[in-house]
Amino acid sequence: MQPGSQTPQLLLRQERFIRKAFTKLPFTLQIHRNIAQLPVFNNAVITIGTFDGVHSGHKHILSQLKAEALQIQGETVIITFHPHPRKIVEHTHTVRLLNTLEEKIALLSKEGIDHLVVIPFDEAFAEQSAEAYIREFLVKRIHPHTIIIGYDHRFGKDRTGNYLMLEKHARMLGFTVKEISEKVLNEVAVSSTRIRKALLNGDIETANALLEYDYFFEGKVVEGNKLGRILGYPTANLAIENREKLIPGNGIYAVEVCIEERRYKGMMSIGFNPTVDGTRLTIEVNIFDFDRDIYHQTIRVYVKHFLRAEEKFNGLDALKAQLALDKKMAIQKLIR
């Protein structure tokens, strides 16, 4: 290489650093799913976690990560796991998440992070010792300059690894460890718990405020009983393909629906339709000013406001009258 010349990799790193430091130009989050083929990161500043929801509490950690990387002209690296470690370690199928992996990637891509490493979490990964986790995974695969982690972080078989173990190995293995404050960690934990509880209890305003975006989920439009069409309020009946995605509690909601990148206002029912059925949980969306065949399409629902609890009415006429009131209230809420 000629004196003064620069490799393409170095030029790319410099460009990304300049963009982060001096401009608002976008850059692309790089996704890595094969830990055997990771690139050589430049002064990697890493943090580790599930980042479910990518909510306001998480953003304090991301700010610390970016600030540290900026000081050393390094790259930010988030390490996350899929599937959720609890599914493997606790052998449970009851994990309910605010984000699917694809949603998490989309949200993190807006946060100015350089790299996301998605670790395929399986029994073999869970069974490695804490020492092997540090040496064979973190150091050998990631080559961290700095690890930013909580004081209560646990890793390795039987969760025997901790912050103190990382500190003990840091100087010998050539990396630095910095702590995420207890205040920030508590904020993350409290936010995640409050968001889940709020969504299940119909407190959408609290959930969306903590998330700093409108909670959303996706579903495929499937055949229903077409009762809504008979009543004058045709609905898209949704089948949720990702069973780990948390769905808000039963009730009637004001929503926005995204179909082929265009948004429509509407109202949604989650529940058992006690007036006409009462045995089968359904998710139905009445999309305002919309009359297209969207069967078998996947649509996205943004949950904006809780309107009322599910009720059993005295016949279809009473139900139809209530639907008219629901629509009026939904429109009022959505145009504010």
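Residues numbered from 1 in each chain as written. Predicted model: local features only at pLDDT ≥ 70, side-chain atom pairs only at ≥ 80, totals over all residues. Heavy atoms only, no water.

A. Molecular detail of the confidence of the model for the chain. Confidence along the chain averages 91 in pLDDT terms, with 92% of residues attaining 70 or more. Within the model, pLDDT remains below 50 along residues 1–6, and this stretch shows four contacts once partners closer than five positions in the same chain are excluded. Every residue in residues 21–25 is under pLDDT 50, and counting partners more than four places away or in other chains gives four contacts. (pLDDT = per-residue confidence, 0-100. Contact = heavy atoms within 4.5 Å.)

B. Examining helix H8 (residues 182–200) more closely. Relative to the 27 Å expected for 19 residues at 1.5 Å per residue, H8 spans 27 Å between its end C-alpha atoms, a close match to the ideal helical length. Along H8, the residues that are buried comprise Val184, Leu185, Val188, Ser191, Ser192, Ile195, Ala198 and Leu199. Among the structural elements, helix H2 (56–72), strand S5 (144–150), strand S6 (176–180), helix H9 (204–211) and strand S9 (251–259) are those in contact with the buried residues of H8. Directly after H8, the chain includes Gly202, whose backbone phi takes a positive value near 80°. (Helix = DSSP H or I, 4+ residues; strand = E, 2+ residues; numbered from the N terminus. Expected span 1.5 Å × (residues − 1). Buried < 20%, exposed > 50% of the residue type's maximum accessible area, 1.4 Å probe, protein only.)

C. Focus on the nonpolar core. Residues Leu238 and Met268 are the most contacted members of the largest nonpolar core, which totals 55 residues. If you tally residues by element for this core, the top one is H8, at six residues. If sequence neighbours within four positions are ignored, Leu238 has contacts with Phe217, Gly219, Lys220, Val221, Ile283, Val285, Ile299 and Val301. Within the second largest apolar cluster, 29 residues are counted, among which are Phe41, Ile48, Ile142 and Tyr163. (Core = buried A, V, L, I, M, F, W, Y, C linked by side-chain atoms within 4.5 Å.)

D. Representation of the pairing of strand S3 (residues 76–82). In terms of residue burial, S3 counts as a mostly covered element, since six of its seven residues are buried. By the bridge criterion, four bridges tie strand S2 (residues 44–48) to S3 in an arrangement that is parallel. What sits directly across from Ile46, in S3, is Val77. Following the chain from S2 across H2 to the adjacent parallel S3, one finds a crossover that is right-handed. (Pairing = 2+ DSSP bridges. Right-handed = clockwise from strand over helix to strand, strands pointing away.)

E. Region of the structure containing the sheet that holds S6. Spatially, the six strands line up as an open sheet ordered S1-S4-S3-S2-S5-S6, and their pairing is parallel. Bordering the open sheet on either side are strand S1 (30–32) and S6, each of which pairs with just one other strand. Within this sheet the neighbouring strands show an average axis-to-axis angle of 25°, counted without direction. The pairing of S5 with S6 spans five bridges and is parallel. Each bridged residue has a counterpart across the sheet, and for Gly150 the counterpart in S6 is Ile180. (Axes fitted to C-alpha atoms, helices over the stretch in contact; angles between N-to-C directions.)

F. Seen up close, the packing of H8 against H9. Following both chains from N to C, one finds H8 and H9 inclined at 150°, their axes separated by 8 Å at the closest point. In terms of their interaxial angle, H8 and H9 are classed as roughly antiparallel. As H8 packs across H9, the resulting crossing turns out to be left-handed. Each of Ser191, Arg194, Ile195, Ala198 and Leu199 in H8 lies in contact with H9, whose residues at this interface are Ile204, Thr206, Ala207, Leu210 and Leu211. (Parallel < 35°, antiparallel > 145°, perpendicular 65-115°, else oblique. Left-handed = near helix turned anticlockwise from the far one by under 90°.)

G. Molecular detail of the sheet that holds strand S11 (residues 282–287). Pairing within the closed barrel is antiparallel, and its six strands lie in the order S7-S8-S11-S10-S9-S12. This sheet shows a mean twist of 45° between the axes of neighbouring strands, independent of strand direction. The pairing of S9 with strand S10 (residues 262–271) spans nine bridges and is classified as antiparallel. Bridging from a neighbouring strand, Gly251 pairs with Ile270 of S10. Along the sheet, helix H11 (residues 316–334) makes contact with S9, S10 and strand S12 (298–308), crossing S12 at roughly 100°.

H. Looking closely at the side chain of Ser269. Inspection of the secondary structure puts Ser269 in strand S10. Here Ser269 falls in the buried class, since its relative accessible area comes to 17%. Once residues within four sequence positions are removed from consideration, Ser269 is found in contact with Gly251, Ile252, Thr282, Ile283 and Glu284.

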